[in-house]
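In case you want the letters, here they are:
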Amino acid sequence: MIVPPGSTIGIVGGGQLGRMLSLAAASLGYKCHIYAPDETPPAGEVAAHLTRGRFDDEDALARFAGQVDVCTYEFENIAAGPLSAIVSQVPLYPPRESLEIAQDRLSEKSFVVRQGGRPAPFARVDEAAGLEAALAEIGTPAILKTRRLGYDGKGQARIERPEAAPLAWETVAAAPSLLESFVTFDAEFSILLCRGTDGETVLWDAPRNIHRSGILDRSIVPVEPALQPAVAAAEALARRVAEALDHVGVLALEFFAVGEEALFNEMAPRVHNSGHWTIEGAVSSQFENHIRAICGLPLGATGRTAPRVEMVNLIGRDADDWRTLLAEPGAHLHLYGKRHARPGRKMGHVTRLSA
Ligand code: AMP
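Residues numbered from 1 in each chain as written. Predicted model: local features only at pLDDT ≥ 70, side-chain atom pairs only at ≥ 80, totals over all residues. Heavy atoms only, no water.

Caption draft 1: Fine view of the side chain of His-33. Here His-33 shows up in strand β2 (residues 31-36). Here His-33 is in contact with Thr-8, Ile-9, Gly-10, Ile-11, His-49, Leu-50, Thr-51, Phe-64, Gln-67 and Val-68, once residues within four sequence places are set aside. (Helix = DSSP H or I, 4+ residues; strand = E, 2+ residues; numbered from the N terminus. Contact = heavy atoms within 4.5 Å.)

Caption draft 2: Fine view of the sheet that holds β2. Here four strands make up an open sheet; going across it, the order is β3-β2-β1-β4 and the pairing parallel. Only two strands of the sheet have a single neighbouring strand rather than two, namely β3 (49-52) and β4 (70-73). Adjacent strand axes in the sheet meet at a mean angle of 20 degrees, parallel and antiparallel pairs treated alike. (Pairing = 2+ DSSP bridges. Axes fitted to C-alpha atoms, helices over the stretch in contact; angles between N-to-C directions.)

Caption draft 3: Summary view of the packing of helix α2 (residues 58-65) against helix α3 (residues 80-87). Closest axis-to-axis distance for the α2/α3 pair is 8 Å, and the angle between their directions is 25 degrees. By the angle between their directions, the pair α2 and α3 is classed as roughly parallel. In the crossing of α2 with α3, the sense of the turn from one axis to the other is right-handed. Residues Glu-58, Leu-61, Ala-62 and Ala-65 of α2 form the contact with α3, whose own contacting residues are Gly-81, Pro-82, Ala-85 and Ile-86. Classifying every residue of the contact of α2 with α3 gives six nonpolar, one polar and one charged. (Parallel < 35°, antiparallel > 145°, perpendicular 65-115°, else oblique. Left-handed = near helix turned anticlockwise from the far one by under 90°. Nonpolar A, V, L, I, M, F, W, Y, C, P; charged D, E, K, R; others polar.)

Caption draft 4: Spotlight on the domain arrangement of the protein chain. Under the domain assignment used here, the protein chain contains domain 1 (8-92), domain 2 (121-181) and domain 3 (187-354). Placing the centre of domain 1 and that of domain 3 at their C-alpha centroids yields a distance of 22 Å. Each partner contributes residues to the interface: domain 1 has 18 residues there, and domain 3 has 22 residues. Across the domain 1 to domain 3 interface the summed buried area is about 1800 Å²; carbon plus sulfur atoms make up 69%. Together, Gln-16, Met-20 and Leu-21 form the three largest contributors to the area buried by domain 1 at its contact with domain 3, with a combined 28%. Where domain 1 packs against domain 3, one counts two salt bridges. Taking the shortest distance from any N to any O, the salt bridge between Arg-270 and Glu-76 comes out at 2.3 Å. Taken together, the links from domain 1 to domain 3 amount to five residue pairs in polar contact (both at pLDDT 80 or more). Where the side of domain 1 that touches domain 3 is concerned, the elements lending two or more residues are α1 (16-27) and β4. Here the side of domain 1 that touches domain 3 takes seven residues from α1, the largest share from any one element. Taken together, the residues that form the side of domain 1 that touches domain 3 break down as 11 nonpolar, three polar and four charged. (Domains from an automatic or database assignment. Buried area = accessible area lost by both parts, 1.4 Å probe. Salt bridge = Lys/Arg side-chain N within 4 Å of Asp/Glu carboxyl O. Polar contact = N/O pair within 3.5 Å; in protein donor to acceptor, adjacent residues only side chain to side chain.)

So this is what it looks like as structure tokens:
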């Protein structure tokens, strides 16, 4: 099905991802309708329509879905009932299966293993006693992560020694979790791909990602030559995963490189922070191609526009430096319009293209 320019795209979630999707959609002649609970969501300021509502309000989501031609999301934690309220009325891309699998760390890891991928050793933890058993199996250091609702290092606790288990269990609020072996990686990188409704799949160059306190600090393309074998293996895996999900839209998979091996960490069935560099650094950005994919249009070229591209997140008060960044020749500044700069909050990003 082709959703032609002029149509209305519904986006569940109103953060910076929705904002950049709306801007890309507007460039192609679409209108966006944002659904988010916030008073002033960053995406609402640049979209044609905004509905304020809770993500678990099935009736409100059903009314919203009735007003759009196709629906996507930038927020992953939509429960099964509200999802049904959408999919019973309008095409939802990425498809429901991609969303449901990626919502749960256990199901995403299990799914990727079935496609031939390898994550760091992990064990399921459902109660305090299970954590002890998992620690005996996995060893330390390890990381305890909630299966659901974690992001930017939230819902995680590092365990250096078995004695720290009770505190870690408290940190994750006794929620169903996974214990993962702590990986001493050479680097982190992600694979960003976009798949169309006809199965056409394009990949961008894989960025190397550097995190600080569990939050993405910067993404750099291309990766250094030593990482190429791990990246090539991860690309092949990502294609298989997208195919098996019959995914439509952008899909991001994050990996740890250990030697020539790529250990799968997690995936996101949506545009991703490590793909922000594609706005200026690639012929077609992740946002544009996501819109093209969900509307059934041909995908745009993903080649790089410069030999080297670096995207740096502006977190908390970093964005206060906007004057300096604007004065820097060639720096592309993006501010998300958020009013309050809390520590750890993503306020904007800057992209630098260089020779
Ligand atoms: P996640 O929420 O799983 O993406 O974790 C956020 C960040 O924490 C990752 O990008 C890594 O930098 C770090 N991290 C997560 N899991 C592990 C692990 N098993 N070993 C080492 N570092 C990790």
